[in-house]
Amino acid sequence: MESRPKTLLAMGHQIAAKLITGQVRDRLVTIADVDPGLVAADFADPAVEAALAEAEVLCTSWWCPPITHDVLARAPRLRAIVHAAGSVKHHVTEACWQRGIVVSSAAAANAEPVAEYTLASILFANKRVLDISKLYREHRSGLDLDERFPGFGNYRRTIGIVGASRIGRRVIELLRPFELDVLVADPYLTDDLGVPHVELDELFERCDVISLHAPALPETRHLIDAARLARMRDGATLINTARGALVDQDALVAELAGGRLYAVIDVTEPDVLPADSPLYDLPNVLLTPHIAGSLGGELARIADSALDELARYAQGLPFSYGVEAESLTISA
């Protein structure tokens with residue numbers, strides 16, 4: 001039997017203003033008993049106390065505060081968390097799992113733009129698009145590209161995917177129509193993705209482009225260190241749309257400053273680099289400010305995914321994208 005569960009929005013006010021608009025807002029109030037204008041950016045806010053006490057579902061997104069024992073004590077009816085974003089690690093605490101709260105995430109929807117960004121980066125990297133564009137602007141005449149970039153192009157290039165995560169798997173799928181050789185490295189991979197599964201060091205030695213899709217865990221901090229970077233082929237490209245902590249940034253800067261490698265960097269450590277970081281000025285680096293994930297019109301995709309999950313809950317159905325506590329030890 002379908003119900004309209006009492007629901008409270010819990011996220012930053014800025015993201016709520018971008019996420020809960022138009023058709024999303026209209027559909028939300030149809031599915032749930034919710035005040036779309038009430039947002040719990042702080043569970044200590046007296047304005048949300050009554051709604052928190054009645055809430056059966058929290059619809060969360062970025063900048064949701066942690067849902068602690070104290071919060072749960074003030075939310076005795078809470079049974080589900082539907083997250084309109086990727087990782088739930090920042091706000092779903094052990095107390096939530098102990099309560100038996102069911103959790104869903106829109107990580108699959110958020111994976112799509114990251115995978116698309118990665119695909120574009122791979123194809124542009126092998127074609128040396130940014131270098132050639134810069135040279136063309138400077139010379140404003142014909143260029144001997146084969147002399148400058150011998151063997152450039154995408155045909156039969158080898159691409160390495162580090163991490164068979166949701167995003168890593170989607171990138172592999174998007175690469176299938178192209179005549180590229182794809183390798184994957186992941187110590188937890190047990191199923192067949194249709195591409196060779198190799199050790200990480202071998203992947204770094206064999207690939208022309210390496211794209212990172214591993215989670216940020218204590219054991220993956222600086223997984224890509226100076227020794228691994230030294231294994232990369234001359235002229236190879238490293239793409240990081242995952243987490244800055246995966247890479248020893250000083251070691252990467254040193255390699256890039258020597259001009260031997262290229263990089264496409266969407267995530268750094270810290271997330272916003274200091275103004276004097278060499279990465280801003282190195283000509284062999286494409287640096288973007290964490291834009292690979294859902295932004296702008298792409299937010300509607302994760303909102304739709306979250307509402308689909310909320311509708312399933314209202315109908316008494318299991319989530320399509322449920323999150324299990326055990327999976328968080330090896331995922332983002």
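Residues numbered from 1 in each chain as written. Predicted model: local features only at pLDDT ≥ 70, side-chain atom pairs only at ≥ 80, totals over all residues. Heavy atoms only, no water.

### Some details on the overall build of the chain
Then comes step 1: Per the secondary structure count, the chain includes 13 helices and 11 strands.
Then comes step 2: A compact globule built from 332 residues would reach a C-alpha radius of gyration of about 20 Å, and the chain, at 22 Å, matches this within 12%.
Then comes step 3: Taken along the three principal axes of its C-alpha coordinates, the chain extends 70 × 45 × 35 Å.
Then comes step 4: Looking at the 332 residues of the chain, the share that counts as buried comes to 49%. (Helix = DSSP H or I, 4+ residues; strand = E, 2+ residues; numbered from the N terminus. Rg over C-alpha atoms; globule rule 2.2 N^0.38 Å. Buried < 20%, exposed > 50% of the residue type's maximum accessible area, 1.4 Å probe, protein only.)

### Brief notes about the nonpolar core
Then comes step 1: Counting 30 residues, the largest nonpolar core has L203, F204, I210, L238 and L256 as its most contacted members.
Then comes step 2: Among the elements of the structure, β6 (181-185), α10 (200-206), β7 (209-212), α12 (249-257) and β9 (262-265) are those that each provide at least two residues to this core.
Then comes step 3: If one sorts the elements of this core by residue count, α12 sits on top with 4 residues.
Then comes step 4: Not counting residues up to four positions away in its chain, the partners in contact with I210 are G160, V162, L203, F204, M232, T237, L238 and I239.
Then comes step 5: Formed by 29 residues, the second largest nonpolar core is a distinct cluster that contains L9, I31, C59 and A106. (Core = buried A, V, L, I, M, F, W, Y, C linked by side-chain atoms within 4.5 Å. Contact = heavy atoms within 4.5 Å.)

### A few points about the sheet that holds β9
Then comes step 1: Pairing within the open sheet is parallel, and its 6 strands lie in the order β6-β5-β7-β8-β9-β10. Single-partner strands in this sheet number two, and they are β6 and β10 (285-287). Taken pair by pair, the neighbouring strands of this sheet meet at an average axis angle of 15 degrees, ignoring direction.
Then comes step 2: Looking at chain direction, β7 and strand β8 (residues 237-240) are connected through 4 bridges and run parallel. If you follow S211 over to β8, its bridge partner there is I239.
Then comes step 3: Along the sheet, helix α9 (residues 166-175) makes contact with β5 (158-162) and β6, crossing β5 at roughly 160 degrees. (Pairing = 2+ DSSP bridges. Axes fitted to C-alpha atoms, helices over the stretch in contact; angles between N-to-C directions.)

### Comments concerning α9
Then comes step 1: Taken as a whole, α9 has its buried residues at G168, V171, I172, L174 and L175. End-on view of α9: buried residues confined to an arc of 165 degrees, all on one side of the axis.
Then comes step 2: On the buried face of α9, the contacting elements are α6 (107-127), β5 and β6. (Arc of directions from axis to C-beta.)

### Things to note about the sheet that holds strand β3 (residues 80-83)
Then comes step 1: Across the sheet, 5 strands lie side by side as β1-β2-β3-β4-β11; this open sheet has mixed pairing. Both outer strands of the open sheet, β1 (7-10) and β11 (322-323), are each paired with one neighbouring strand and no more.

### Description of a nonpolar patch on the surface
Then comes step 1: A contiguous nonpolar surface patch, about 270 Å² in accessible area, is contributed by F124, L130 and L286.
Then comes step 2: In this fold, L286 is placed in strand β10. (Patch = residues over 30% accessible without salt bridge, like charges linked within 9 Å, V, L, I, M, F, W, Y side chains within 5 Å. Areas by Shrake-Rupley, 256 points an atom, 1.4 Å probe, with all protein chains shown as cover. Salt bridge = Lys/Arg side-chain N within 4 Å of Asp/Glu carboxyl O.)

### Structural notes on the pairing of β3
Then comes step 1: Here β3 shows no split at all, with A80 and V82 on one side and I81 and H83 on the other all buried.
Then comes step 2: Strand direction decides the pairing type here: strand β2 (residues 57-60) and β3, joined by 4 bridges, are parallel. Bridge pairing in β3 links T60 to H83.

### A short note on the UniProt feature "domain: D-isomer specific 2-hydroxyacid dehydrogenase catalytic" (unreviewed entry) in the chain
Then comes step 1: Per the UniProt annotation, the sites labelled "domain: D-isomer specific 2-hydroxyacid dehydrogenase catalytic" (unreviewed entry) are residues 49-316.
Then comes step 2: For the annotated span residues 49-316, helix accounts for 38% and strand for 14% of the residues, and the straight-line distance between the end C-alpha atoms is 26 Å. (UniProt positions renumbered as here; feature names shortened; annotations may be inferred.)

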